[in-house]
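Chain residues, written in single-letter form:
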Amino acid sequence: MENKSLRITADTLSISRAILGLPIIILLSYGYIFLAWILLLIGGITDAIDGWCARKSGGGTILGSTIDPLSDKIMLFAPFIWLSSKAILPVWSIWILIARETLISGWRSKDIHGAPAKGIAKSKTLLQFTSVILILWPIKLGHNIVSNIQYIGFVLFWLSLFLAILSAVEYLISN
């Protein structure tokens, strides 16, 4: 595949991930946890593939560097908002994440080069994704281990919240 089509593939995958947020929150709202979980996995896989495509093509597009992190937020905030609506995660923690993402996304949007994410922010997103996958672990995939897996998910969520705050400070200090 040539560089241009790899870049287009990366951008298309990023946009598709943004679209996943709505069906995920609808499925969760109607109790279809397993289907929502599958969509989250698909979203995580598309995130990895679009990153690979962008790197393989020698670098992504400005559109991709802008839409990719926003798509991650849309996809991840759907289950986080649902988890807070069920009092599984405290509302204030989700508010911190949304405030951080709004602040940093606004700052990054002003950069004409797309302001690629820093390493700590990429780690934060990976932890957020992993935490939500583990917190929503379907009972169908191991009734006896669900509470242990969910506990690990909660630990990772709190670690991701810490990294979110730390990376926001890093962005603001460095710029």
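Every residue gets a number counted from 1 within its own chain, in the order that chain's sequence is written. Note on the predicted model: pLDDT of at least 70 is required for a residue's local features to be given, and 80 or more for side-chain atom pairs to be given and counted; whole-chain, interface and lining totals, by contrast, use all residues. Derived side-chain values reflect all non-hydrogen atoms in the structure, with water molecules and hydrogen atoms excluded from consideration.

Asks: Explain the pattern of salt bridges to me, using residue names and the numbers behind them.
Replies: Think of a salt bridge as a Lys or Arg side-chain nitrogen and an Asp or Glu carboxyl oxygen that are within 4 Å of each other. Counted according to the given criterion, the structure contains 7 salt bridges. Ionic pairing is found between Asp50 and Arg17, a salt bridge with its closest N-O pair at 2.7 Å. With a gap of 33 residues between them, Asp50 in helix H2 (residues 33–56) and Arg17 in helix H1 (residues 3–29) connect regions that are remote in the sequence. Overall, the relative accessible area of 4% leaves Asp50 in the buried class. The buried label applies to any residue whose accessible area, calculated with a 1.4 Å probe on protein chains only, is under 20% of its type's maximum; exposed applies above 50%, and partly exposed to all values in between. Classification of Arg17 by relative accessible area gives buried; the value is 0%. For the salt bridge of Glu101 with Lys124, the shortest nitrogen-to-oxygen distance reads 2.8 Å. Of this pair, Glu101 sits in helix H4 (residues 91–109) while Lys124 sits in helix H5 (residues 119–135); the two residues are 23 residues apart in sequence, bridging distant segments of the chain. Comparing Glu101 with Lys124, the two get one shared label, buried. Salt bridges sharing partners connect three or more residues here, namely Arg17, Asp47, Asp50, Asp68 and Asp72. Strands here are runs of E lasting at least two residues and helices are runs of H or I lasting at least four, both read from the DSSP assignment and numbered beginning at the N terminus.

Remember, this is a structural readout, not a statement about activity or role.
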